Amino acid sequence: MMKDNKIIGRIHSLESCGTVDGPGIRFVVFMQGCVLRCRYCHNPDTWEINKGKEYTPQELMAEIRKYKSYMKFSGGGVTFTGGEPLVQADFVAEVSKMCKEEGISVAIDTSGFIWNSAVQRALDYTDIILLDIKNFDPMVYKEVAGVPLDPTLRLMDYLREKDINTWIRYVLVPNLTDNLESIEELSKYLAEYSNVSKIELLGFHKMGEYKWEELGLEYTLSDTKEPAKEMLIQVKEIFDRSGKNVSLNS
Ligand code: SF4
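For the structure given in this document, a descriptive report is provided here. For clarity, every value in this text was computed on a predicted model and none was experimentally measured.

Regarding the pairing of strand β9 (residues 165–172)
Here's step 1: Counting buried positions over the eight residues of β9 gives seven, a clear majority of the element.
Here's step 2: When strand β8 (residues 128–132) meets β9, the two strands line up parallel, connected through five bridges. Considered in β9, the bridge of Asp-132 is made with Arg-169.
Here's step 3: Here β9 pairs with strand β10 (residues 196–203) via seven bridges, running parallel. Considered in β10, the bridge of Trp-167 is made with Lys-198.
Here's step 4: Viewed along the sheet, the connection from β9 through helix α7 (residues 180–191) into β10 turns out right-handed.

This is the structure:
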């Protein structure tokens, strides 16, 4: 967003040594703002765009630089997540450009829902996209995230066209995203995307439930259990058939 003709970002929090959002040790930037409403969201406190702390691109770069040697040594970099970081794509593009100028690798963890010229610019400086595909059945996707699936699939085509390294994330939620036929279809679809280098299968956890309560929001998955190990293995086997590298984090 712009303030006094300058780009500023609204940031929920920073994590200096992240290890789960892309390769190596990562400086993780949790951006404010999201237009999706995923029923299992761990970070509903990032949804509101006007919260968090304001940073200029230069201020954030000063924080990132402190950890440059850790990132380089471990093959890591910076990851923008949230929230949906591309809600603030102009800020992400600016900081990513500065990272590239300093040889720092950039990853963006996104739902793929937002598309505009600032998003396109941010992608020009991105080394890895961590793309959440919440379900491959459009009806279920809408039920999970509250928005349509199509924009994410359009982004997939753009990422392939530009040959941008993409990791797919899939969260397995019992009785919600465990529709095996659609997982089979997703696996076949991903096999066609040469730029997809990894699929991360994640088991559902209720980690963010207390935040929903604190915010006075209704958490609809209170009675949902974590997926059984056998179920996760069965789904992993389906994704394995895509020929991609599949990791399982239960
Ligand atoms: S896209 Fe991410 S931050 Fe937004 S609602 Fe879904 S899980 Fe939460």
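Regarding the packing of aromatic side chains
Here's step 1: Scanning the model with the defined rule gives eight aromatic pairs in all.
Here's step 2: Summarising the aromatic geometry, the rings of Tyr-189 and Tyr-193 are spaced 4.7 Å apart at their centres and angled 45 degrees between planes, so their arrangement reads as tilted.
Here's step 3: A connected cluster of aromatic rings, assembled from ring pairs, spans Phe-27, Tyr-67 and Tyr-70.
Here's step 4: Above the ring of Tyr-193, the side-chain terminus of Arg-160 is found at 3.9 Å from the ring centroid.

Focus on the pairing of strand β6 (residues 77–81)
Here's step 1: Counting buried positions along β6 yields five of five residues, so the element is predominantly enclosed.
Here's step 2: Strand direction decides the pairing type here: strand β4 (residues 26–31) and β6, joined by five bridges, are parallel. Looking at the pairing, Val-29 lines up with Phe-80 of β6.
Here's step 3: Here three bridges tie β6 to strand β7 (residues 106–110), and the two strands are oriented parallel to one another. Note on β7: the bridge partner recorded for Phe-80 is Ile-108.
Here's step 4: Handedness of the β6-helix α3 (residues 89–101)-β7 crossover: right-handed.

Parameters and conventions
- Residues numbered from 1 in each chain as written.
- Predicted model: local features only at pLDDT ≥ 70, side-chain atom pairs only at ≥ 80, totals over all residues.
- Heavy atoms only, no water.
- Buried < 20%, exposed > 50% of the residue type's maximum accessible area, 1.4 Å probe, protein only.
- Helix = DSSP H or I, 4+ residues; strand = E, 2+ residues; numbered from the N terminus.
- Pairing = 2+ DSSP bridges.
- Right-handed = clockwise from strand over helix to strand, strands pointing away.
- Phe/Tyr/Trp six-rings, centres within 6.5 Å; stacked < 30°, edge-to-face > 60°.
- Lys NZ or Arg CZ within 6 Å of the ring centre and 35° of its normal.

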